[in-house]
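Observations on the three-dimensional arrangement
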Amino acid sequence: MSKSNKLQEVRVFAPASVANVSCGFDVMGFALSGPGDEIVARRTDESGLRISKITGENGLLPTSVKKNTAGVAAQKLISNIGFEGGIELEIHKKMPLGSGLGSSAASSVGAVVAVNRLLGSPCEREKLLVFAAEGEKVACGTAHLDNVAPSLLGGFVFIRSQQPPDVTELECSKPLFATVVHPHIEINTEDTRKILRREIPMHKAVQQWGNVGGLVAGLLKGDYGLISRSLQDVIVEPIRSVLIPGFREVKQAAMDAGALGSGISGSGPSIFALSSSERTSQEAGKAMGEAFKAIGLENEIYQSRINEQGPKILQER
Ligand code: ADP
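If you're wondering where the values come from, they're calculated on a predicted model, not measured in any experiment.

Right, let's get into the overall build of the protein. For the protein, the helix and strand inventory stands at 10 helices and 11 strands. Here the C-alpha radius of gyration of the protein, 19 Å, is about what a compact globule of 317 residues would show, namely 20 Å. Dimensions along the principal axes, computed over C-alpha positions, put the protein at roughly 60 × 40 × 40 Å. Relative to its 317 residues, the protein shows a buried fraction of 54%. For the protein, contacts bridging at least 24 residues in sequence account for 73% of all contacts bridging at least 6. Of the roughly 14,100 Å² of accessible surface on the protein, 49% is carried by carbon and sulfur atoms. Within the protein, the 34 negative side-chain charges are centred at a point lying 2 Å from the centre of the 34 positive side-chain charges.

Printed below as a string of structure tokens:
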């Protein structure tokens, strides 16, 4: 291909995601239509990868390729395909950091999708998963897939195994609407892992895997009743929820508004709800936001249908 035929610049939107989804700690996640990050990948004359610009995060994120999830993920892809030219990345954060919405994963996913497209799409989307997951190591120490997989593949995703990655998309045969409410408090992701117990009683394990199976079956069959009964977490939520002020009231507000279920988004502090109609998801969002406000917590409400598409190429030239 001559230089003039090559793409010079690609801009990609990569969505936020809800990991865990109540019973599915570390094995389930779904993609939101918004918010998300925008990543621009551009060819440069100078060889190597660099991050030329970051907007929207008040100077909190590293511009070093090795420390930024987008940089690490893109570098893994570039090394794997043996590209020796120059690329610069722009990261436009359009979602809060450390909120439980998979912000670091959205950057990794946006970066690998943009760079892959810029270089003529040498990798299938599924293959990009391992590169994007490498980015997560910078954010949380391990190559977790529970945000990266839904953000990259779209829809509802089930992760049977992290290593080696074994990921299945669960196509829900009925529409599902997500609400996520982000209270303006910070909780440390590391703390939320540290407080978890290393061992669980057998009766709780049985309940939990019953719910995981029920949620998977409910999604595939489009059975709202089964989905609703299965959106219960008897292991992680009782422990982690103590870190989120107002958790019980906010969850109750979502359920009273008619949501199918509600729980912690990722490791929090955001709380999600799933509903069978757009109207219910709006009412749940309003009620959840008010419940946080009642205890003095400002918050943002995000509403969207489950995003089946995943990342989107916004512009290329
Ligand atoms: P979230 O709760 O949004 O999923 P994570 O816990 O996954 O957030 O990661 C947030 C951490 O990852 C931040 O502390 C940040 O320093 C680090 N990080 C590195 N690169 C990025 C990036 N491009 N976008 C967001 N976070 C990043």
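Another point: the site of the ligand. In the vicinity of the ligand lie 16 residues, with Asn68, Lys93, Gly100, Ser103 and Ser104 positioned nearest. In the model, an oxygen atom of the ligand is placed 2.8 Å from a nitrogen or oxygen of the Gly100 main chain. Protein chains shield 83% of the accessible area of the ligand, which is 570 Å² for the free molecule. Tallying contributions element by element places helix H2 (residues 103–118) first for the shell around the ligand, with 3 residues. Its residues assigned to classes, the shell around the ligand shows 4 nonpolar, 10 polar and 2 charged.

It is worth spelling out a negative patch on the surface at this point. On the surface, Glu124, Glu126, Glu169, Glu171 and Glu308 cluster together into a negatively charged patch. Secondary-structure assignment places Glu126 in helix H3 (residues 125–140).

The grouping of Ile195, Val242 and Leu243 at the surface amounts to a nonpolar patch, some 240 Å² of accessible area in total. Tracing the backbone shows Ile195 in the loop between helix H5 (189–194) and helix H6 (202–221).

Of the consecutive residues Gly34 and Pro35, the connecting peptide bond is found in the cis state with omega at 5°. Within the secondary structure layout, Pro35 lies in strand E2 (residues 28–44). Omega for the peptide link from Gly268 to Pro269 comes to 5°, which places this bond in the cis form. Within the secondary structure, Pro269 is located in the loop between strand E8 (261–264) and strand E9 (271–275). The backbone of Asp26 shows a phi angle near 65°, a positive value even though the residue is not glycine. Residue placement: Asp26 occurs in the loop between strand E1 (9–19) and E2.

The N-to-C vectors of helix H9 (residues 247–256) and helix H10 (residues 278–294) enclose an angle of 155°; their axes lie 8 Å apart at closest approach. Judged by the inter-axis angle, H9 sits roughly antiparallel to H10. Judged by the twist between their axes, the crossing of H9 over H10 is right-handed. Every residue of H10 that contacts H9 at Glu249, Val250, Ala253 and Ala254 is listed here: Ala284, Ala287, Met288, Ala291 and Phe292. Considering only residue class, the contact of H9 with H10 consists of 8 nonpolar, no polar and 1 charged.

All right, on to the pattern of salt bridges then. Tallying each qualifying case throughout the model produces 14 salt bridges. As a salt-bridge pair, Arg11 and Glu38 come within 2.7 Å of each other at their nearest N and O atoms. Here Arg11 is found in strand E1, whereas its partner Glu38 is found in strand E2, with 27 residues between them in sequence. What makes Glu38 buried here is its relative accessible area of 14%. Glu237 is the salt-bridge partner of Lys251, the closest N and O atoms lying 2.8 Å from each other. With Lys251 in helix H9 and Glu237 in helix H8 (residues 237–240), this residue pair connects regions lying 14 residues apart in the sequence. A relative accessible area of 9% places Glu237 in the buried class. A network of salt bridges, in which partner residues are shared, links Glu9, Arg42, Arg50, Glu88, Glu90 and Arg317.

Attention now goes to the state of the cysteines. This model, assessed by the stated rule, comprises 0 disulfides. Here Cys172 is not cross-linked by a disulfide; its sulfur's nearest cysteine counterpart is in Cys23, at 14 Å. We classify Cys172 as buried; its relative accessible area is 17%.

Across all of its chains, the model carries 2 aromatic pairs by this definition. Pairing Phe30 with Phe156 gives two aromatic rings, centres 5.1 Å apart and planes at 40°, and the pair type is tilted. Of this pair, Phe30 sits in strand E2 while Phe156 sits in strand E5 (residues 156–161); the two residues are 126 residues apart in sequence, bridging distant segments of the chain. Of the residues examined, Phe156 reaches a relative accessible area of 2% and is grouped as buried. Ring plane angle 75° and centroid distance 6.1 Å describe the contact between Phe30 and Phe272, whose orientation is recorded as edge-to-face. Here Phe30, found in strand E2, pairs with Phe272, found in strand E9; they are 242 residues apart in sequence, far enough to count as distant. By relative accessible area, Phe272 is classed as buried at 0%. If you follow Lys174 out to its NZ or CZ, it ends over the ring of Tyr224, 5.1 Å from the centre.

Conventions used here
- Residues numbered from 1 in each chain as written.
- Predicted model: local features only at pLDDT ≥ 70, side-chain atom pairs only at ≥ 80, totals over all residues.
- Heavy atoms only, no water.
- Helix = DSSP H or I, 4+ residues; strand = E, 2+ residues; numbered from the N terminus.
- Rg over C-alpha atoms; globule rule 2.2 N^0.38 Å.
- Buried < 20%, exposed > 50% of the residue type's maximum accessible area, 1.4 Å probe, protein only.
- Contact = heavy atoms within 4.5 Å.
- Areas by Shrake-Rupley, 256 points an atom, 1.4 Å probe, with all protein chains shown as cover.
- Lys, Arg positive; Asp, Glu negative; His and termini not counted.
- Charge placed at Lys NZ, Arg CZ, Asp CG, Glu CD.
- Near = heavy atom within 4 Å.
- Polar contact = N/O pair within 3.5 Å; in protein donor to acceptor, adjacent residues only side chain to side chain.
- Nonpolar A, V, L, I, M, F, W, Y, C, P; charged D, E, K, R; others polar.
- Patch = residues over 30% accessible without salt bridge, like charges linked within 9 Å, V, L, I, M, F, W, Y side chains within 5 Å.
- Salt bridge = Lys/Arg side-chain N within 4 Å of Asp/Glu carboxyl O.
- Axes fitted to C-alpha atoms, helices over the stretch in contact; angles between N-to-C directions.
- Parallel < 35°, antiparallel > 145°, perpendicular 65-115°, else oblique.
- Left-handed = near helix turned anticlockwise from the far one by under 90°.
- Disulfide = S-S within 2.5 Å.
- Phe/Tyr/Trp six-rings, centres within 6.5 Å; stacked < 30°, edge-to-face > 60°.
- Lys NZ or Arg CZ within 6 Å of the ring centre and 35° of its normal.

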